[in-house]
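# Structural overview
So you can see what is in the structure, the chains are spelled out below.
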Amino acid sequence: MRAAVLHAPGNFGLTEVPTPTPGPDEVLLRVEATTLCGTDLRLISGAKTAGVRPGVVLGHEIAGRVESVGENVDGYPVGAQATVSIVVSCNHCANCLAGREHFCENLELFGYGIDGGLAEYLLVPARAVASGNVVLTPEMPARTLCLAEPLSCVLNGASQFNTQPGETVVVLGAGPIGLLHTQLARLQGASNVIVTNRSAQRRALALELGATHAVDPTSEDVAAVVGEVTNGRGADVVIVAIGALDLANQALELAGTGGRVNYFAGFPKGSTAVMDPNLIHYKELVVTGGSNARRSDVHRAVQVLASGAIDADKIVTHTFALDDVDQAIEAVENKLGVKVCVEP
């Protein structure tokens, strides 16, 4: 079969590899679509190497169908649509036992150490099948189902700050993650969602997806806009959806007294930011992060997508064939559209 393999940092491309056959307790998925994200670029460049196996098939935002199952596997009918929860945890370490399986001390990830979805077929190993990482789904467009992975991460992040009806939410960044946070905030009842982005196209899209205000941070005073919308109180929630160091302190400044700030985006490895701790102290801010997702988050994401509450068509804007995976990667690098999809 054809597969997009990361042989080593900087050495990535389409390769012919043996088509996997499921052994006992394994499930084989026929891949329908895989969307790309900025993490894939970091894996290819070598900026991210932790947990990455040389020779791995990339792709972790996956939609597929059960093609065949190995011996002893029940409950996964051939032809059923499915995705995978990409975090394969041990279920017995301290983090797993504390309900933090996405911080498992023995964690493995599809598309990092386990072969991912940029291929015609995806073999789900027995340990992942046994843990329930194959998630059967209601029927939906494959490009919509691909969003289950990023949306599950957004749901996990959102659980850290719990937007309430009537609140004001600021989303710093209007990439795919920022736009998912924007839609989710409105679904949760936020009365104002202020989104910032340099791109006029992204700002316009944010407004289409529920933002009440879209601000160009290069030409507008974001703090002034937030102050005007909130009558000087500041935002109830501020979500940092881009790993830009200058946003770390700005997020604290934009939050009002008792506000919640979530550093959702990952920042460059080894980076540090200058921040005023008195903003946290005197405003009694609650500051959280958001990394990866649990199996339960994936199940919730699938249900949200199946309901039609998220406009996936405006998020997944470009589709490439697997044979053109190099062009798909270039499209992500050049920020073509919003999210890029690869279909075998």
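Because the structure is predicted, anything quoted here is derived from the model rather than measured.

### Brief notes about the UniProt feature "domain: Enoyl reductase (ER)" (unreviewed entry) in the chain
As annotated by UniProt and renumbered to match this structure, "domain: Enoyl reductase (ER)" (unreviewed entry) occupies residues 7-342. Regarding residues 7-342, the helix share stands at 30% and the strand share at 25%, and the terminal C-alpha atoms are separated by 19 Å.

### A closer look at the sheet that holds strand β16 (residues 286-289)
Spatial ordering of the open sheet is given by β13-β12-β11-β14-β15-β16, a layout of six strands whose pairing is parallel. Where the open sheet ends on each side, the last strands, each with one partner, are β13 (213-215) and β16. Pairwise comparison of adjacent strand axes, ignoring direction, gives a mean angle of 15 degrees for this sheet. Alignment of strand β11 (residues 168-172) against strand β12 (residues 192-196), held across five bridges, turns out to be parallel. If you follow V170 over to β12, its bridge partner there is I194. With respect to the sheet, helix α8 (residues 222-229) is in contact with β11, β12, β13 and β14 (235-240), its orientation differing from that of β12 by roughly 175 degrees.

### As for the packing of helix α5 (residues 148-161) against helix α6 (residues 176-187)
Between α5 and α6, the least distance of the axes is 10 Å, while the angle of their chain directions is 55 degrees. By the criterion of interaxial angle, the relationship of α5 to α6 is oblique. Here the hand of the crossing between α5 and α6 comes out right-handed. Between α5 and α6, the contacting residues are P150, L151, V154, L155, A158 and F161 on the first element and I177, L180, H181 and L184 on the second.

### Some details on the sheet that holds strand β1 (residues 2-8)
What holds strands together in a sheet is hydrogen bonding between their backbones, with the strands either parallel or antiparallel. Spatial strand order, β2-β1-β4: three strands in an open sheet with antiparallel pairing. The two strands at the open ends of the sheet, each matched to only one other strand, are β2 (11-16) and β4 (56-57). Alignment of β1 against β2, held across six bridges, turns out to be antiparallel. The partner of A8 across the bridge, within β2, is N11. Lying over the sheet, helix α12 (residues 325-333) contacts β1 and β2, oriented at roughly 150 degrees with respect to β2.

### Things to note about the side chain of T144
With respect to the helices and strands, T144 occurs in helix α4 (residues 142-145). Those residues in contact with T144, other than ones at most four positions away along the chain, are L305 and A312.

### Let's talk about the nonpolar core
With 45 residues, the main nonpolar core has F12, F110, L118 and V124 as its most contacted residues. Every residue in contact with V124, bar those within four places of it in the chain, is listed here: E26, V27, L29, V84, F110, V129 and V134. Counting 44 residues, the second largest nonpolar core, distinct from the first, contains L151, L180, L205 and A206.

### A closer look at the pattern of salt bridges
This model, assessed by the stated rule, comprises 14 salt bridges. With its nearest N and O atoms 3.0 Å apart, the salt bridge here joins D297 to R300. Here D297 pairs with R300, and both are found in helix α11 (residues 295-307), just three residues apart, close to one helical turn. Accessibility expressed as a relative area gives 41% for R300, which makes it partly exposed. What you see here is one network of salt bridges that share partners, running through R2, E120 and D323.

### Digging into the packing of α5 against α11
Here α5 crosses α11 at 110 degrees, and the two axes come no closer than 8 Å. It follows that α5 is roughly perpendicular to α11 by the angle criterion. α5 and α11 meet at a crossing whose hand is right-handed. Counted together, A148, L151, S152, L155 and N156 of α5 and D297, V298, R300, A301, V302, V304 and L305 of α11 form the full contact between these two elements. Looking at the contact of α5 with α11 residue by residue, the class counts come to eight nonpolar, two polar and two charged.

### A look at the environment of V134
Position of V134 among the secondary structure elements: in strand β10 (residues 134-136). The exposure class assigned to V134 is buried, which follows from its relative accessible area of 5%. For the pair formed by V134 and Y76, sequence separation is 58 residues and the distance between their alpha carbons is 8.6 Å. Those residues within four positions of V134 in sequence are excluded, and the remaining contacts are Y76, A82, T83, V124, A128 and V129.

Thresholds, definitions, all that
Residues numbered from 1 in each chain as written. Predicted model: local features only at pLDDT ≥ 70, side-chain atom pairs only at ≥ 80, totals over all residues. Heavy atoms only, no water. UniProt positions renumbered as here; feature names shortened; annotations may be inferred. Helix = DSSP H or I, 4+ residues; strand = E, 2+ residues; numbered from the N terminus. Pairing = 2+ DSSP bridges. Axes fitted to C-alpha atoms, helices over the stretch in contact; angles between N-to-C directions. Contact = heavy atoms within 4.5 Å. Parallel < 35°, antiparallel > 145°, perpendicular 65-115°, else oblique. Left-handed = near helix turned anticlockwise from the far one by under 90°. Core = buried A, V, L, I, M, F, W, Y, C linked by side-chain atoms within 4.5 Å. Buried < 20%, exposed > 50% of the residue type's maximum accessible area, 1.4 Å probe, protein only. Salt bridge = Lys/Arg side-chain N within 4 Å of Asp/Glu carboxyl O. Nonpolar A, V, L, I, M, F, W, Y, C, P; charged D, E, K, R; others polar.

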